[in-house]
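Spelled out from the first residue to the last, the chains are:
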Amino acid sequence: GNQCYVHDKAGCQACIDKCMTDPLPDTAYWMPEEAFFSKLSCVPYPHECGENGIKEVVKAFAGRSANELWGEIEGRLGAAGGDTSRTVFDVLLGSRKVAADTNFVLP
């Protein structure tokens, strides 16, 4: 399902591919009828995956307070003005991919 979107681009696309090729049986979850995508429990839109995921957000905000994170979320999402062409993680991190071996700090 749409939980794949919490991963970075590679992880998200792999998650969607796995879900599409080997979906969970109907007995493994419950979803309201309107939550399905053409009778699929998987979101079939890998092109919607963002560059960054929750892992990159955690890395970027390591050592900072929840209040600082919330301030950044409010400020950046507000400045985006409802633009849904990027994921919330990409908006928050400025669409910059966070390298796995760096301590990324937002300006």
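As shown above, the structure is provided for reference.
Residues numbered from 1 in each chain as written. Predicted model: local features only at pLDDT ≥ 70, side-chain atom pairs only at ≥ 80, totals over all residues. Heavy atoms only, no water.

**A short note on the environment of Ala 14**
Part 1 of the reasoning: Looking at the element boundaries, Ala 14 is found in helix α1 (residues 9–21).
Part 2 of the reasoning: When the C-alpha atoms of Ala 14 and Cys 4 are compared, they prove to be 8.5 Å apart, with 10 residues separating the residues in sequence. (Helix = DSSP H or I, 4+ residues; strand = E, 2+ residues; numbered from the N terminus.)

**Some thoughts on the state of the cysteines**
Part 1 of the reasoning: In the structure shown here, the tally under the stated rule is three disulfides.
Part 2 of the reasoning: Paired through a disulfide, Cys 4 and Cys 15 show a sulfur-sulfur distance of 2.0 Å. What sets the handedness of the Cys 4 and Cys 15 disulfide is the S-S torsion sign, and at about -65 degrees it is left-handed. Note that Cys 4 is positioned in the segment before α1 and Cys 15 in helix α1, a separation of 11 residues in sequence.
Part 3 of the reasoning: In this structure Cys 4 comes out as buried when scored by relative accessible area, which is 1%.
Part 4 of the reasoning: Two residues, Cys 19 and Cys 42, share a disulfide whose sulfurs are 1.7 Å apart. On the sign convention where negative is left-handed, the bridge of Cys 19 and Cys 42, at about -85 degrees about the S-S bond, is left-handed. Here the residue Cys 19 occupies a position in helix α1, and Cys 42 occupies one in the loop between α1 and α2 (54–60), the gap between them amounting to 23 residues.
Part 5 of the reasoning: A relative accessible area of 2% means that Cys 42 is categorised as buried. (Disulfide = S-S within 2.5 Å. Buried < 20%, exposed > 50% of the residue type's maximum accessible area, 1.4 Å probe, protein only.)

**Here we look at α1**
Part 1 of the reasoning: An ideal rise of 1.5 Å per residue puts 18 Å on 13 residues; α1 measures up with 18 Å between its terminal C-alpha atoms.
Part 2 of the reasoning: If you check which residues of α1 are buried, you get Cys 12, Ile 16 and Cys 19. Each buried residue of α1 lies within a common arc of 65 degrees when the element is viewed along its axis, so the set occupies one face. For α1, the exposed residues lying more than 90 degrees away from the buried face are Ala 10 and Thr 21. (Expected span 1.5 Å × (residues − 1). Arc of directions from axis to C-beta.)

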